[in-house]
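Structural description and commentary
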Amino acid sequence: MAGREKNCKWHFADQPPGGREIGPNNAMEQSFKKHPYASLVRESIQNSLDAVLNPNEPVRMKYEFREMKSVDYPNFFDLRNHIQGCIDYYPKNPNAKAKYEPMVKDLAELYGSASTKYIRVSDYNTKGMAYSEKDTNSPFYAFVRSAGVSAKDNTSAGGSFGFGKAAYFLISPINTIIVSTYTENNECYFEGVASLCTHLYNGEVKMDVGYYDEGDGKPVKQLDNIPSIFRRAEPGTDINILGCDFYFKDEIKKEMAEAVLRNFWMSIYNGKLEVQIGGNITINRENLDVLMD
């Protein structure tokens with residue numbers, strides 16, 4: 001009988017002989033590094049505004065600080081062996097050691113602790129992210145299973161080059177997110193993604209990106225097979241950023257709120273957007289003037 005994790009585990013494909021290998025450096029991180037939570041707000045809200053379901057109602061965004069019981073997800077924490085493999089594959093590369101040793105330590109500490117913290121970014125009154133295995137233009141494929149690909153309705157949409165997902169991975173100390181979406185057609189898709197580098201695992205060379213799911217690297221499509229804490233009940237998407245540290249939670253919430261006001265005040269004023277941060281900050285048309293002051 002499957003536990004809370006169901007049958008989900010990590011799947012990293014074998015590195016093809018002669019294929020391009022990915023090292024430990026990530027140039028995309030520099031674009032979001034200075035103000036990571038402001039970058040997260042900008043990218044996530046723009047994506048959601050571009051996927052509104054009912055244009056007569058506001059898109060609702062929610063940023064939650066949550067926890068999951070670590071011991072319930074042993075397969076998830078096998079990720080630390082893949083991360084150790086990044087160091088093993090690049091033993092003379094100081095960047096590999098500097099980047100991945102803290103991740104290995106973090107995962108060991110998280111699995112030994114009572115809970116693992118994560119930030120959930122949720123949207124409502126959106127279409128969710130549809131997926132078709134052979135359709136490279138489907139939104140779930142573009143966000144979860146590709147790099148540099150966008151599947152927005154028009155090329156003038158904000159962040160249309162498909163690199164904004166780096167803002168999510170940068171906030172995770174273990175470069176890992178879990179995505180759960182429910183579409184306007186009552187379809188659900190679930191998958192975790194870890195962005196690492198070419199690495200060793202059980203003596204084999206593996207690719208840099210791996211997927212946490214039940215089906216050999218394919219998204220979970222049955223609601224009952226999704227771990228219960230990650231299930232959606234209405235159209236929209238949850239993006240869970242794993243392994244976060246909440247020590248500076250008040251400062252994080254302040255950075256998020258200021259980013260909302262600076263970048264999306266017009267959408268809020270026009271009744272197109274409402275935002276909730278951490279359960280105690282609400283930004284909507286009714287209180288916009290007070291918060292702006």
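First, a word on what this report is: a plain description of the structure on this page. (Residues numbered from 1 in each chain as written. Predicted model: local features only at pLDDT ≥ 70, side-chain atom pairs only at ≥ 80, totals over all residues. Heavy atoms only, no water.)

Some thoughts on a nonpolar patch on the surface
Taken together, Trp265, Met266, Tyr269 and Met292 make up a surface patch of nonpolar side chains, about 420 Å² in accessible area. When residues in the nonpolar patch are grouped by element, the largest group, three residues, is from helix α6 (residues 249–269). As for its placement among the helices and strands, Tyr269 is situated in helix α6. The exposure class of Tyr269 is partly exposed, given its relative accessible area of 48%. (Patch = residues over 30% accessible without salt bridge, like charges linked within 9 Å, V, L, I, M, F, W, Y side chains within 5 Å. Areas by Shrake-Rupley, 256 points an atom, 1.4 Å probe, with all protein chains shown as cover. Salt bridge = Lys/Arg side-chain N within 4 Å of Asp/Glu carboxyl O. Helix = DSSP H or I, 4+ residues; strand = E, 2+ residues; numbered from the N terminus. Buried < 20%, exposed > 50% of the residue type's maximum accessible area, 1.4 Å probe, protein only.)

A look at the packing of helix α2 (residues 79–89) against helix α3 (residues 94–112)
One can describe the packing of α2 onto α3 by two numbers: an axis separation of 9 Å at closest approach and a directional angle of 160 degrees. One element, α2, and the other, α3, form an angle in the roughly antiparallel class. In this structure, the crossing between α2 and α3 has a hand that is left-handed. When α2 is examined against α3, the residues Leu79, Arg80, Ile83, Gln84, Cys86 and Ile87 are found in contact with a partner set consisting of Ala96, Tyr100, Glu101, Met103, Val104, Leu107, Ala108 and Tyr111. Of the residues that constitute the contact of α2 with α3, the class distribution is eleven nonpolar, one polar and two charged. (Axes fitted to C-alpha atoms, helices over the stretch in contact; angles between N-to-C directions. Parallel < 35°, antiparallel > 145°, perpendicular 65-115°, else oblique. Left-handed = near helix turned anticlockwise from the far one by under 90°. Contact = heavy atoms within 4.5 Å. Nonpolar A, V, L, I, M, F, W, Y, C, P; charged D, E, K, R; others polar.)

Some thoughts on unusual backbone geometry
The backbone of Lys6 shows a phi angle near 60 degrees, a positive value even though the residue is not glycine. Along the chain, the position of Lys6 falls in the segment before β1 (9–14). On the basis of relative accessibility, which here comes to 27%, the residue Lys6 falls in the partly exposed class. A positive phi angle is found at Asn175, which is not glycine, with a value near 55 degrees. Structurally, Asn175 is set in the loop between α5 (166–171) and β4 (176–182). The buried category is assigned to Asn175, whose relative accessible area is 7%.

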